[in-house]
Structure formats: C-alpha cells, structure tokens
Amino acid sequence: MVARTVDLRSDTVTKPTAAMRAAMANAEVDDDVLGYDPSALRLETEMAKVTGKEAALFVPSGTMGNLISVLVHCNIRGSEVILGNNSHIHIYENGGISTIGGVHPRTVKNNDDGTMDIDLIEAAIRDPRGEIVYPTTRLICLENTQANCGGRCLSAEYTDKVGELAKKHGLKLHIDGARIFNASIALGVPVHRLLQAADSASVCLSKGLGAPVGSVIVGSKSFIARARILRKTLGGGMRQVGILCAAALVALRENVPKLEDDHKKAKMLAEGLNQIKGLRLNAAAVETNIIFFKVLEGAKLTAEKLCKNLEQHGILVMQESPTSIRVVIHHQISESDVQYTLSCFKQALTGVKEENGN
Ligand SMILES: Cc1ncc(COP(=O)(O)O)c(C=O)c1O
Ligand SMILES: C[C@@H](O)[C@H](N)C(=O)O
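Residues numbered from 1 in each chain as written. Chains lettered and ligands numbered in written order. Predicted model: local features only at pLDDT ≥ 70, side-chain atom pairs only at ≥ 80, totals over all residues. Heavy atoms only, no water.

## A short note on the overall build of the protein
Working step 1: Summing up its helical and strand segments, the protein has 14 helices and 13 strands in all.
Working step 2: Dimensions of the protein along its principal axes, counting C-alpha atoms only, are 65 × 55 × 35 Å.
Working step 3: Considering the protein as a whole, with its 358 residues, one finds that 56% of them fall into the buried category.
Working step 4: Partitioning the contacts of the protein with sequence separation of at least 6, the portion at a separation of at least 24 is 73%.
Working step 5: For the protein, the distance from the average position of its 41 positive side-chain charges to the average position of its 39 negative side-chain charges is 2 Å. (Helix = DSSP H or I, 4+ residues; strand = E, 2+ residues; numbered from the N terminus. Buried < 20%, exposed > 50% of the residue type's maximum accessible area, 1.4 Å probe, protein only. Contact = heavy atoms within 4.5 Å. Lys, Arg positive; Asp, Glu negative; His and termini not counted. Charge placed at Lys NZ, Arg CZ, Asp CG, Glu CD.)

This is how it looks when you write it as structure tokens:
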C-alpha cells in the first residue's frame, strides 16, 4: 500500500470537490429530454455566454460532443472532414465519425505547435469538379489546446485565418475545445475570442475544469436544435441531468481561476524533469498542463520500467510509446506533489534520493 498517490495520468482523473458534491445533492432537476431541467438550462445559458455562441447543449462526453458536431455539419454520407493527423477526433474516438456517421477523414499533419499549415489545409480541400471520384469536403476541425502536441495553444489570429479559409470554400469550422479554458488562460484571451471563427465547439467540463462528467457543445440555435436530436439518437439524452450540471456550474466558478496555477506547476515539473539525466523534453514548449517527454536510450530504466517504478511510489503517469511518457497537471496536484514526483523520478533514474522530496 503506497503512502501517497500523485495521479498525473490525465486531467480527467479529478474527483468532485465537496462543493460539487453538495451542489449535486441539492441540484434542481427535471426531465432534460423534455427540455425542462433547470440546472442544465442554467449551465447551457452560461456556456453560450462564455463562448459567445447563440446556444449550448450538455452532452455526456467530449467524444460525443465532437461526434455530434461533425455529424451535424456533415449530414450527408460521403462527406469529408479535414483534421489533424494527431487530433483527438482522429486518434482516440474509435473512428466514430466514419463508423457511425459515414464521414471520411482527410488528415493534415499537425505541426509541433498544434497548428496545421493553412496552405496544406487548403490543398486538402476537394475540388468539387472531381465529384465523380472525390468525397465532398464539408468541415475543418481544429483542436485547442492541441493535446497530443503537448497541450499547445492555437492563437485567435490563426483560428481566424482557418475560419476565413473555411468560409472562402463554403465549409464549416468545428473546434475541439476540450481544453479551451486552458488555452484562454495561457494566452490571456477570452474563450469567446478563441472560438469567434468557429461554427461549433465542444468544451469539456470534465478535464481541467474538474467536473465529474460531461461536455457542452456550442453553436447557432439551429445547429444546437439539430445536435439535440442527434444526441437523443445516439442515446445521449438524459433525464435529471441537472445533478451533473450543478457540479459543472461549481467547476466553472471555482476551477477556471486555478488553471493558471496548473500551468505554473506543469512548467515547474517540466523544468525539473529536464534536469534529470536520461530524460529529454522541450520545457519551453510547455504552455499549459500537459507534458510529453522522452526516456532516452541508455537511461537507467526504460519508459515501461520507469512507469512501474514510479507507480510503486504512488506516482501514476501515462506511457505514450515505448520511449515516451505523458504527465498532466490538474487542480488536485499540489506543488508538494510536484516536488515529490521529481524526487521519485531522480531516485528512479539516478539512484539519488532527494531529502526535500517530501
Ligand atoms: C482533446 C480532447 N478532445 C476530446 C476528448 C474526449 O473527451 P471524453 O474523454 O470526455 O470523451 C479528450 C479526452 O478525453 C481530449 O483530450
Ligand atoms: C487519452 C485521451 O482520450 C484523454 N482525452 C486524455 O487526455 O487523457
């Protein structure tokens, strides 16, 4: 039995706070499928306001939020969506847009900073004159922050340029904004400005915001009306969902201000890891709460053995490849946890036990 656990697997691992549990216990609820749950309506109104969109819809997960959004925009089978080769929709959502929606993915390489080159996006747009052989491009998807590139932030200016390109070609723009609040805090730019060019966005409540469950999709009233129907089709219509929305309202109020500290702790951890022989990372590229690093050949332990060693000391991380590991900071990780984590890494890789690794 380990004396202490520091869970760095993801920002999806947070437990509801006492305030969230109290809000859940006292939530005003009604039937949300019938459109009457007051807590869901309150959350959706708040999220529409924060994101600068006409309407919002609570959904059970970010994966369902992205799936519904893509399928509303690409409501004709054989549509094509342009998205990053390292995007969550493309890698971690079971190919749902294809298997369920009949939508064809056309990937463009994600750069290290999370962007896709605008000229490569434009080159990926199908020429309508080739319709006898080509799928029809209907949507471009961005991800902000871009998780698999290390939680990198997309600027409003870049997003605007992609939005202009979409409009030029009669396409829609969806933003997977699972961590859009992290981008907003890191850039010092309001969420609504980062989403201004988007026709829709999916915003996770259950990541850095620390709510136990759920996401919200935002867009025009007509988009959300169609999304609501598709949510029901997919089995995502829930009844007294206000119990979950009440926790999310607490998360919005209490945890957005904590994101800046998450980023500072991530930077602190990254700079500490960068000093440890056998590890390599670009600490300067750590903009938010996600850190990827390499375990170098010749290190005392392989990535797999390092993860196992850390787990024996209560440090939980995510092995991303045979030679790389990801750690994610969230509001339930303290500075003391960061120092303890660094001491465990040092001991595992150098044999030196740090005294201050309390
Ligand atoms: C960038 C991104 N988008 C979407 C999702 C999907 O969210 P969920 O796990 O709630 O389905 C995740 C991870 O959870 C994510 O990291
Ligand atoms: C792995 C992925 O699905 C999840 N969104 C995470 O970042 O932990």
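Back to the text.
## Quick notes on the sheet that holds strand S4 (residues 104-108)
The strands that make up a sheet are held in pairs by hydrogen bonds between backbone atoms, and each pair lies either parallel or antiparallel.
Working step 1: Ordered by their spatial adjacency, 7 strands build an open sheet running S2-S8-S7-S6-S5-S3-S4, and the pairing between neighbours is mixed. Strands with a single pairing partner mark the edges of an open sheet, and in this sheet they are strand S2 (55-59) and S4. Each adjacent strand pair in this sheet contributes to an overall mean axis angle of 25 degrees, direction not counted.
Working step 2: Docked against the sheet, helix H10 (residues 221-233) engages S2, strand S7 (200-204) and strand S8 (215-219), running at close to 20 degrees with respect to S2. (Pairing = 2+ DSSP bridges. Axes fitted to C-alpha atoms, helices over the stretch in contact; angles between N-to-C directions.)

## Concerning the pattern of salt bridges
Working step 1: The final tally for this structure, using the stated rule, is 14 salt bridges.
Working step 2: Residue Asp11 pairs with Arg179 through a salt bridge whose shortest N-O separation is 2.8 Å. Of this pair, Asp11 sits in the loop between strand S1 (6-7) and helix H1 (18-25) while Arg179 sits in the loop between strand S6 (172-176) and helix H8 (180-187), and the two are 168 residues apart along the sequence. Note on accessibility: Asp11 and Arg179 belong to one class, buried.
Working step 3: The closest approach of N and O atoms between Lys308 and Glu304, which form a salt bridge, is 3.1 Å. Of this pair, Lys308 and Glu304 both sit in helix H13 (residues 303-312), 4 residues apart, roughly one helical turn.
Working step 4: Where salt bridges share partners, they join Glu80, Arg106 and Arg126 into one cluster. (Salt bridge = Lys/Arg side-chain N within 4 Å of Asp/Glu carboxyl O.)

## Thoughts on the UniProt feature "modified residue: N6-(pyridoxal phosphate)lysine" (unreviewed entry) in the protein
Working step 1: Following the UniProt record, the feature "modified residue: N6-(pyridoxal phosphate)lysine" (unreviewed entry) maps to Lys207 here.
Working step 2: Along the chain, the position of Lys207 falls in the loop between S7 and S8.
Working step 3: In contact with Lys207, other than residues within four places in its own chain, are Asp11, Thr12, Thr14, Ala178 and Arg179. (UniProt positions renumbered as here; feature names shortened; annotations may be inferred.)

## Digging into the site of ligand 2
Working step 1: Every residue near ligand 2 is listed here: Ser10, His88, Arg179, Lys207 and Arg326.
Working step 2: Contact distances for ligand 2 include 3.0 Å between an oxygen atom and a side-chain N or O atom of Arg179.
Working step 3: At 2.9 Å, a side-chain N or O of Arg326 approaches an oxygen atom of ligand 2.
Working step 4: Summarising the interface, the protein chains cover 75% of the accessible area of ligand 2, which totals 260 Å² for the free molecule.
Working step 5: When the residues that make up the shell around ligand 2 are grouped by side-chain class, the tally is no nonpolar, 2 polar and 3 charged. (Near = heavy atom within 4 Å. Polar contact = N/O pair within 3.5 Å; in protein donor to acceptor, adjacent residues only side chain to side chain. Areas by Shrake-Rupley, 256 points an atom, 1.4 Å probe, with all protein chains shown as cover. Nonpolar A, V, L, I, M, F, W, Y, C, P; charged D, E, K, R; others polar.)

## With respect to the site of ligand 1
Working step 1: Residues in close proximity to ligand 1 include Ser61, Gly62, Thr63, Asn66, His88, Glu93, Glu143, Asp176, Ala178, Arg179, Cys204 and Lys207, which together make up its full environment.
Working step 2: Arg179 has a polar side-chain atom sitting 2.8 Å from an oxygen atom of ligand 1.
Working step 3: Note that an oxygen atom of ligand 1 is positioned 3.0 Å from one of the side-chain N or O atoms of Lys207.
Working step 4: When ligand 1 is considered free in solution it has 380 Å² of accessible area, and contact with the protein chains removes 82% of it.
Working step 5: Split by residue class, the shell around ligand 1 holds 2 nonpolar, 5 polar and 5 charged.

## Here's the deal with a nonpolar patch on the surface
Working step 1: A contiguous nonpolar patch, built from Ile132, Val133 and Tyr134 and spanning about 360 Å² of accessible area, is present on the exposed surface.
Working step 2: By the element assignment, Val133 lies in the loop between helix H6 (118-124) and strand S5 (136-143). (Patch = residues over 30% accessible without salt bridge, like charges linked within 9 Å, V, L, I, M, F, W, Y side chains within 5 Å.)

## Examining the pairing of strand S13 (residues 324-328)
Working step 1: Counting buried residues along S13, 5 of its 5 residues qualify, which places the element largely inside the surrounding structure.
Working step 2: Judged by which residues are buried, S13 turns out to be covered on both faces: Ser324, Arg326 and Val328 on one side and Ile325 and Val327 on the other are all buried.
Working step 3: The pairing of strand S10 (residues 290-295) with S13 spans 5 bridges and is antiparallel. Opposite Phe293, over in S13, you have Ile325 as the bridge partner.
Working step 4: Where strand S12 (residues 318-321) and S13 come together, 3 bridges link them in antiparallel fashion. Paired with Ser321 across the bridge in S13 is Ser324.
Working step 5: Counting the residues in the hairpin turn of S12 and S13 gives 2 residues.

## Some words on the confidence of the model for the protein
Working step 1: Overall, the prediction assigns the protein a mean pLDDT of 96, with 98% of residues at 70 or greater.
Working step 2: Reported confidences for the modelled complex are a pTM of 0.97 and an ipTM of 0.98. (pLDDT = per-residue confidence, 0-100.)

## Some remarks on the side chain of Ser10
Working step 1: Examined against the element boundaries, Ser10 turns out to sit in the loop between S1 and H1.
Working step 2: Taking relative accessible area as the criterion, Ser10 reaches 6% and is therefore assigned buried.
Working step 3: Looking at Ser10, its side chain comes within polar contact range of the side chain of Asp11, at 3.4 Å.
Working step 4: Not counting the four nearest positions on each side in its chain, Ser10 is found in contact with Arg179, Arg326, Val328 and His330.

## Some remarks on unusual backbone geometry
Working step 1: With omega at -5 degrees, the peptide bond leading from Asn144 into Thr145 counts as cis.
Working step 2: With respect to the helices, strands and loops of the structure, Thr145 is situated in the loop between S5 and helix H7 (156-168).
Working step 3: Although it is not a glycine, Asn94 sits at a positive phi angle of roughly 55 degrees.
Working step 4: Within the secondary structure, Asn94 is located in the loop between helix H4 (88-91) and helix H5 (96-99).

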